[in-house]
Amino acid sequence: MKRLSSSFFQSLCRYPSNQMLFPCACLQGCARGQLDMEGALTARDRVGIQDFVLLDAHTSETAFLDNLKKRFSENLIYTYIGTLLVSVNPYKELDIYSKKQMDIYMGVNFFELPPHIFALADNAYHTMLAEANNHFILISGESGAGKTEASKKILQYYAVSCPSTTLLDNVRDRMLLSNPVLEAFGNSKTLKNDNSSRFGKYMDIQFDIQGDAVGGHILGYLLEKSRVVHQNHGERNFHIFYQLVKGGEEDLLHQLGLESNCQHYSYLVQGECANVASINDKNDWKTVRNALSVIDFDERDIQDLLGVIASVLHLGNVQFEPDSKGYATLNNSAELLWVSTLLGVNVQVLQEGLTSRKIEAKTDEVLSPFTVDHAIYARDALAKAIYGRTFTWLVNKINDSMENKDSSRKTVIGLLDIYGFEVFYVNSFEQFCINYCNEKLQQLFIQLTLKSEQEEYEAENIGWEPVQFFNNKIICDLVEEKHRGIISVLDEECLRPGEATDLTFLERLEEKLDSHPHFVTHKLADKKTRKTLERGNFRLLHYAGEVTYCVVGFLSKNNDLLYRNIKDVMRQSKNTIVRECFASKESDGRRRPETVASQFKSSLLGLTDILMSKEPWYVRCLKSNESQQPGQFDDVLVRHQVKYLGLMEHLRVRRAGFAYRCRYDVFLQRTKIFIRHPRTLFATEDAFEVCKHDLASRIQAQYKAYWQKGQFRRQKEAATKIETCWRGVQARKAKGRRQWAVKVIKKFIKGYMARGEAKTTDNSEYLAFVRQNYLNRLKDNLPKMVLDKTSWLTPPPVLMETSEILRQLHMRLMVRKYIRGITAQQKAQLQLKGITSVIFKGKKDSYPQSVSQPYVDTRISEQDINMKVLQMIRHEGIKYSIPIVKYDRNGFKARPRQLILTQTAAYVVDDAKIKQRVLYTTLKGVSVSTLSDGIIIFHIPSEDDKQKGDLIMQCDHLFEALTKLSVVANKQSAINVVQGSVKFQMKAGKEGIVEFSSGQESMVYKDKNGHLMVVSTRTRAR
Ligand SMILES: Nc1ncnc2c1ncn2[C@@H]1O[C@H](COP(=O)(O)OP(=O)(O)OP(=O)(O)O)[C@@H](O)[C@H]1O
Ligand SMILES: [Mg+2]
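Rules of the game
- Residues numbered from 1 in each chain as written.
- Chains lettered and ligands numbered in written order.
- Predicted model: local features only at pLDDT ≥ 70, side-chain atom pairs only at ≥ 80, totals over all residues.
- Heavy atoms only, no water.
- Helix = DSSP H or I, 4+ residues; strand = E, 2+ residues; numbered from the N terminus.
- Rg over C-alpha atoms; globule rule 2.2 N^0.38 Å.
- Buried < 20%, exposed > 50% of the residue type's maximum accessible area, 1.4 Å probe, protein only.
- Contact = heavy atoms within 4.5 Å.
- Areas by Shrake-Rupley, 256 points an atom, 1.4 Å probe, with all protein chains shown as cover.
- Lys, Arg positive; Asp, Glu negative; His and termini not counted.
- Charge placed at Lys NZ, Arg CZ, Asp CG, Glu CD.
- Core = buried A, V, L, I, M, F, W, Y, C linked by side-chain atoms within 4.5 Å.
- Pairing = 2+ DSSP bridges.
- Axes fitted to C-alpha atoms, helices over the stretch in contact; angles between N-to-C directions.
- Donors = N, O, S within 2.8 Å, 3.2 Å for Na, K, Ca; no water.
- Expected span 1.5 Å × (residues − 1).
- Arc of directions from axis to C-beta.
- Parallel < 35°, antiparallel > 145°, perpendicular 65-115°, else oblique.
- Left-handed = near helix turned anticlockwise from the far one by under 90°.
- Nonpolar A, V, L, I, M, F, W, Y, C, P; charged D, E, K, R; others polar.
- Patch = residues over 30% accessible without salt bridge, like charges linked within 9 Å, V, L, I, M, F, W, Y side chains within 5 Å.
- Salt bridge = Lys/Arg side-chain N within 4 Å of Asp/Glu carboxyl O.

Caption draft 1: Molecular detail of the overall build of the chain. Counting its regular elements, the chain contains 34 helices and 30 strands. Taking 2.2 N^0.38 as the reference for a compact globule, 1022 residues should give roughly 31 Å; the C-alpha atoms of the chain span a radius of gyration of 63 Å, well beyond that estimate. Seen along its three principal axes, the alpha-carbon backbone of the chain occupies a region of about 200 × 95 × 55 Å. Burial status across the chain gives 47% buried among its 1022 residues. Considering only contacts in the chain between residues 6 or more positions apart, those separated by 24 or more positions represent 64%. Split by element, the accessible area of the chain, about 52700 Å² in all, is 53% carbon and sulfur. Looking at the chain, you have 140 positive and 119 negative side-chain charges, and the mean spots of the two groups are 15 Å apart.

Shown next, in the form of C-alpha cells:
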C-alpha cells in the first residue's frame, strides 16, 4: 500500500471482486521513480537496467541476457523483476555484504537503492512488521547457483539489522552458528558444487511484535544418506568426516581410534578427491567445534556425536570374507571393536547383527547367515541409518537451542534453501527425489505468480493478453499421482510379494506411462532417442531439462531396509544419540514402515502447505558457468536457466500486471474501509468523527500502558543492578572488616605472647594498647584523697616506672589542691598538728586516734575561770585552759583542777585558788608514757622552794594541751615520751615512781609498793 501512486486512489472504483490489483507497468509512476532513483545512483550502478520491468525490449530473451551479462561483467550480480530478485553466481568474493552495505539498505525503500539481496530481506522484514503477517523467501536455482549463500546473507542481514539485546544476541548467535554445523553434516562436494546441500532446509525466523528476532525453527528434508557409503568419482562424503580426520586434535583422534589420514577410510576415498582446493577442512573443523559449544551442546553430546561419526568410518573399514560355506565372516576385528566401543554395544551381538539376520519361524527365531555381499549391504545400511538418524537428531537439537518458549504473538520469515536441480552422468534415486522437489517448488512459483494471477485478471474481465508459460504440473503428476505416478509404482514394487527387482519396476513404469510425453525409456523411445538410452534407464523431461535415471538401487533405496536384529542392537547402545535415534516404536511394529519416496512426497506436501499460508518473496539464482570459475558468463547455460525458470514469462506478467497485489479479503481486513458510493464515504467520515476520540484514547491508553511497562521493566532492571552493586559493596566492606579484625586479633595474640619482651614490631601495638588502656582506666580511677594510699591501680610491667611518677605527681597535685583550699584557721590548726606529729608520731599509742580530732582554742572559757584567779593572771595573757585531774604526790589522790597556760607560766587552779604556778623558765621537762593513757608529768626543779615537787596530772586532751604548751612555752624539746616508768620528785627530795602498763581496763591507783600504777587499754595499732 505504501508504494502506491495517487492514481491508485482513482483506480479504486475499478476493483476485482476477489483480488486488489493495481497497475504499475502503466509505467508513469515507475518512470518518475526511476528518474529519482537514477539521480541517486553512481554511474557504475547504472550499468544496464536494474529492474527488468523497465527493459524496453521486454519480450526479447537476448535483451534480457545482454542486460544480465552487462551487469555481471561489472560485478553487479543482482537485478530485479519487480520484487523478484535475480542473482547470478559470481564465483568470487564481492565486497557488497559488509556491515556498511547492510546499514545502507536498512529501512530504505526497495527501489531507492541498487538491487541487492539485503533490499529484499529488508523489504520482507518491514512488510512483515507493517502487515503483521508471515512471509517466506523462496530461493531457487540449480545446484551451485548460490541458494545457500543467498540464504546465509539474508540471515546475516537480519542478525545485524534487527534490534539486539543480550538475550536476542544469544538466539541470533545460535541461528547463525547452526549453519556451519548443518553444512558440515549435510553438505558435500559434488561435481556441480564444492559445497552442495544434500538435504533440504526450511528455516523459520521468528520475530516478536517489535521486530526482534526471538527464535528459530528448522525443518529438514530428506538427507542424501547414500553418500555416506558411496561417492561418485570427483565427489566427497559429507564434510564432517574430512573435517574430523584432518582437523581433529591428536588426543581426540586417539580417543576415537582414528588416524589423521583420509586415505585410511574406505568411505572417504571412493571419489578420489579427499582434498579440495576450495575447502579448508582444518579451519572448518574449528568453526564447527566452536559452533557446537555455542548451540547448547555439552561435552557429552559432542563426545557422542563424534563417536557416531568415527563409528561410521570404522564401520566402512569392516571387511568380510566367505567361509567354507560361502557365508560372511569378519576379518578385521579391530575395526569392529572400535565400532562396538564407540557405539557402546556388545561386540559379539554387533558381529552377529552384521553377518546374519533373525527370521521368525512360528514360535522360534532362527539366525540366517549372510553371504559376503549381503553382509556388506547390511553394514552399509547400518552406516547410513546411524548417520541419517543422527542428522535428524542434530536438527532437533539445534531447534531446541533456538526455540522461543514465550507464547506471545510472533510473525515469521521462512527461508527455503533446498538442494538444487541437478543432472549427473549417472543419476539415481537421490537425483530423482531432488529433481522432483525442484519440480514442486517450480510448481509453487508458477501457481503463485503466473497462473493464479492471470486467471484472476481473466475472471475479473480485465483486458488481459494471456502470457503463455510451461506449467510443470504435468511432471509433478507424473511423479506423484496416485496409482499411476512413478512413486506409486515404485512403492507397489517395493511392497508386492514375489520377486520384485529394479528392472521389474522399470517394466511396470513402461506399462503405466507408455504414452506420457515426459517419460521415455529404451523401449518406449523412438529410434533416434533410443540410441541415447540404456536399457536399465528411464528419462524424465523435467522443466529444467532432460534427466536420465538409472533404475539400479531404486527399490532398495526406497525400502531403506535395516534388519530388525541390528536395530535392536542399536537400541541398546550406550551412546545416547544412537539410543535415542533408534528408540522409536517403528522397530517394534510389524507393519512395513513408509517408503522413503512416500515420506518425501508427504513432507513436500507439508512444505507446500506451510509456504502457501505465507506471503512469498523470490530469489532466482542463476549459475554463470559450469566450471565454477569467476568472471565467466556462459550464455547458453544462463539462457537455458532463464528459460526453464520462466523468468521471461514472469517479466511479461509483471509488466502487464498490477504493481500491488493483495488478496481481497486480506485487503479488506487490513483497510476496513470500502467505499462504493459517496454516501458511504460521508457515512464513514461521520462514523469516524464519532469514533475518533474513542480510538485516540484507546491508542493513547495502549501506548501509555506499553510505555509504562517498558518504564517499569527498565526501572526493575536498574533496581536489580543497583541492588547487586550495593550488595557487592556491602559484602566487600564486610569482608574488609573481617580481614582487618583477623589481622588485629592475630597481632593482639602475638603481642600478648611477647608482652614481656623488648618492644618489637610484633608487640609494639599490643603494648601501646596496654598503655593506653591502663592510662584510660587510671584516669577514671584516680585516688580522691591524699590519704588514700591503697587504691592506685596496679600498673602493667611496662608502665611500672611511669605509674610511680604519675602517682607522685598526682599526690603532689592533690596536696597542692588541698593546701590551696585550706583557711588560715585550718592552717594554724595544721601547724599545731604538725608540731604534735613531730613530738608524738610513732611514739605514743594514742597518737593516731588524736590526729583526726581538731584542736580548739581553749577548753574552759574565761567565764568559767574564777574571777579572782582571772584578776591575778590576766595580765600574763591567758593562752589556753583545760580541765585536768591532778594526783597528790603522796597518796595519789585524784583532784579535779583547771590547768591554765599563760604567756609565762602554767597554773593549776582549784576554783578560786591558784594551787601551783609553774614558770616556764623553771620547767625542767615534761614526761608522758608511750601507752594510751592521759598522764602528764611536769618535772620541776626541787631547788625551787615555792614548788611542791613534780606535778602529776591526767588530761583527756593530752596532745592538744602539750602542743599548746610547747608553742606557748617553746618547750617542744622538753617533752619526753618514756616507756615503762617515770621517776618523779616529791617535796623534800623524795622520789616517787609512776609505772605505766596496759590492761583490760584503764585505771590509776597506788600500788602496794607505793608506785602510782597507770593502766591503760591497748590501742589497736601503734
Ligand atoms: N553471492 C555470492 N558471492 C560469491 N560467491 C558465491 C555467491 N553465491 C554462490 N557463490 C559461490 O558458489 C558456490 C555454490 O553456492 P551455493 O552452495 O550457495 O549453491 P547452492 O545453490 O546452494 O547449490 P546446491 O543446490 O548444490 O546446494 C559457493 O560455495 C560460492 O563459492
Ligand atoms: Mg545449497
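Caption draft 2: Quick peek at the nonpolar core. Core analysis: the biggest nonpolar cluster contains 180 residues, and Ile137, Tyr158, Phe241 and Phe538 have the highest contact counts within it. Sorting elements by how many residues they give to this core places helix H15 (residues 372-402) first, with 15 residues. In terms of nonpolar packing, the next biggest core, distinct from the first, is built from 31 residues, Ile839, Leu901, Ala906 and Tyr920 among them.

Caption draft 3: Geometry of the sheet that holds strand E2 (residues 78-81). Here seven strands make up an open sheet; going across it, the order is E2-E3-E17-E4-E13-E7-E8 and the pairing mixed. At either end of the open sheet lies a strand with only one pairing partner, and these are E2 and strand E8 (213-221). Within the sheet, the average angular offset between the axes of one strand and its neighbour, ignoring direction, is 20 degrees. Here four bridges tie strand E3 (residues 84-88) to strand E17 (residues 615-622), and the two strands are oriented parallel to one another.

Caption draft 4: Focus on the coordination of the magnesium ion (ligand 2). Every protein donor of the magnesium ion (ligand 2) is listed here as Thr148 (OG1) and Ser197 (OG), and their distances to the metal cover 1.9 to 2.1 Å. Of this pair, Thr148 sits in helix H6 (residues 147-161) while Ser197 is found in strand E6 (residues 196-197), placing the two residues 49 residues apart along the sequence. Thr148 sits in the buried class, given a relative accessible area of 11%. By relative accessible area, Ser197 is classed as buried at 8%.

Caption draft 5: Spatial organisation of unusual backbone geometry. Within the chain, Asp560 stands out as a residue other than glycine whose phi angle is a positive 50 degrees. Within the secondary structure, Asp560 sits in the loop between helix H21 (554-559) and helix H22 (564-571). For Asp560, a relative accessible area of 32% puts it in the partly exposed group. Here the phi dihedral of Phe892 falls at roughly 55 degrees; this positive angle occurs in a residue that is not glycine. Topologically, Phe892 is positioned in the loop between strand E19 (878-887) and strand E20 (894-902).

Caption draft 6: View of helix H29 (residues 764-780). If you check H29, its first and last C-alpha atoms are 25 Å apart, about what 17 residues at 1.5 Å a residue would give, namely 24 Å. Where H29 is concerned, the buried positions are Ser764, Tyr766, Leu767, Val770, Tyr774 and Leu778. Along the axis of H29, the buried residues cluster in a sector spanning 165 degrees; they form a single face. Residues of H29 that are exposed and point more than 90 degrees away from the buried face comprise Gln772, Lys779 and Asp780.

Caption draft 7: Representation of the packing of helix H3 (residues 61-73) against helix H25 (residues 635-644) within the structure. Interhelical geometry of H3 versus H25 gives an angle of 120 degrees and a closest axis separation of 11 Å. The angle between H3 and H25 falls in the class oblique. Crossing geometry of H3 relative to H25 is assigned as right-handed. Facing Glu61, Thr62, Phe64, Leu65, Leu68 and Lys69 of H3, the residues of H25 in contact are Asp635, Val638, Arg639, Val642 and Lys643. Each residue belonging to the contact of H3 with H25 can be placed in one class, and the counts come to five nonpolar, one polar and five charged.

Caption draft 8: Inspection of helix H30 (residues 800-821) at higher detail. Its 22 residues place the ends of H30 31 Å apart at the C-alpha level, agreeing with the 32 Å of an ideal helix rising 1.5 Å per residue. Structurally, H30 contributes buried residues whose contacts are with H29.

Caption draft 9: Local environment of a positive patch on the surface. A contiguous patch of positive charge, built from Lys527, Arg530, Lys531 and Arg535, is present on the exposed surface. Assessed through its relative accessible area of 75%, Lys531 is described here as exposed.

Caption draft 10: Representation of the sheet that holds strand E15 (residues 537-542) within the structure. One open sheet holds the three strands; their spatial order is E14-E15-E16, and the pairing between them is antiparallel. A strand with exactly one partner marks an edge of an open sheet, and here the two such strands are strand E14 (519-521) and strand E16 (545-550). Strand-to-strand twist in this sheet, taken as the mean axis angle between neighbours without regard to direction, amounts to 25 degrees. In the sheet, E14 pairs with E15 via three bridges, with the strands oriented antiparallel. Its bridge partner being in E15, Val520 is matched across the sheet by Arg539.

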